[in-house]
Amino acid sequence: MTIDIDAKAKALVDAILAEPATDHDIDVVQRQLGRYPRGMVAVGARCVCGRPLAVITRPVLPGGIPFPTTCYLTGPEAVKAASHVEAAGIMQQYNDMLGADEELQAAYRQAHELYLAFRHELATRLDDSEEHIEGTSAGGMPVRVKCLHALLAQSLVMGPGANPIGDMVLERIKDEFDPALCRCSLED
Ligand SMILES: [Zn+2]
């Protein structure tokens, strides 16, 4: 599947910047992570109940720290489900599939390019420098699978078809985590 990466990146950033993080969002994410989410721009994906699942973080954190993981998974149930898949050794399977399937390789490379285009658009609008993170996406992209949390976050933020491995993780964990079915344990 081929998509217009620049157009999709711009549309995603438009949607993100149209709804900046509220104080309540930041408070909920702080409790999800157990730390203050520095540089959080907006919630990139929400549970059907409205709680944040993944956040968008700016390319340069306050204090000038470069931050490449623009889409960051915060929903505790999603984090836990992705950790279970990693602990079951499934990442090796994904890496093997990636090594053997040229179509998957192309789709995964496109996910990497979309990630970079999205961050570049965000950096441009926020006037952040990408000097120290240029060409770096997340999760091992474009040729390895190293962190399922990062890939799942991209799938949740950018929707089906954006990241083929993230989509596979989402499908695999749906009995444990599904953005369309609230299983949130965190209180408001
Ligand atoms: Zn929920």
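Since we're looking at a predicted model, the values are computed, not measured.

Draft legend 1. Highlighting the pattern of salt bridges. In total, this model carries eight salt bridges according to the counting rule given. With a shortest N-O distance of 3.6 Å, Glu121 and Lys10 are connected by a salt bridge. Of this pair, Glu121 sits in helix H5 (residues 102–126) while Lys10 sits in helix H1 (residues 5–18), and the two are 111 residues apart along the sequence. Looking at Lys10, the relative accessible area reads 41%, which means it is partly exposed. Salt-bridge contacts for Arg31 lead to Asp27; the nearest nitrogen and oxygen are separated by 3.2 Å. Here Arg31 pairs with Asp27, and both are found in helix H2 (residues 23–33), just four residues apart, close to one helical turn. Residue classification places Asp27 among the partly exposed positions, given a relative accessible area of 35%. Several salt bridges share partner residues, and in doing so they unite Lys10, Asp14, Glu121 and Arg125 into one network.

Conventions we followed
- Counting restarts for each chain: residues are numbered from 1 in the order of the written sequence.
- In keeping with the model being predicted, local features are shown solely for residues with a pLDDT of at least 70 and side-chain atom pairs are shown and tallied solely at 80 or more, while totals for entire chains, interfaces and linings include all residues.
- Side-chain measures were taken over the full set of non-hydrogen atoms in the model, leaving aside hydrogen atoms and water.
- A side-chain nitrogen of Lys or Arg and a carboxyl oxygen of Asp or Glu constitute a salt bridge if their distance falls within 4 Å.
- Helix and strand assignments come from DSSP, with helices taken as H or I runs of at least 4 residues and strands as E runs of at least 2, each series counted from the N terminus.
- Working definition: with a 1.4 Å probe on protein chains only, accessible area under 20% of the residue-type maximum means buried, over 50% means exposed, and in between means partly exposed.

Functional significance is not addressed by these values, which are geometric in nature.
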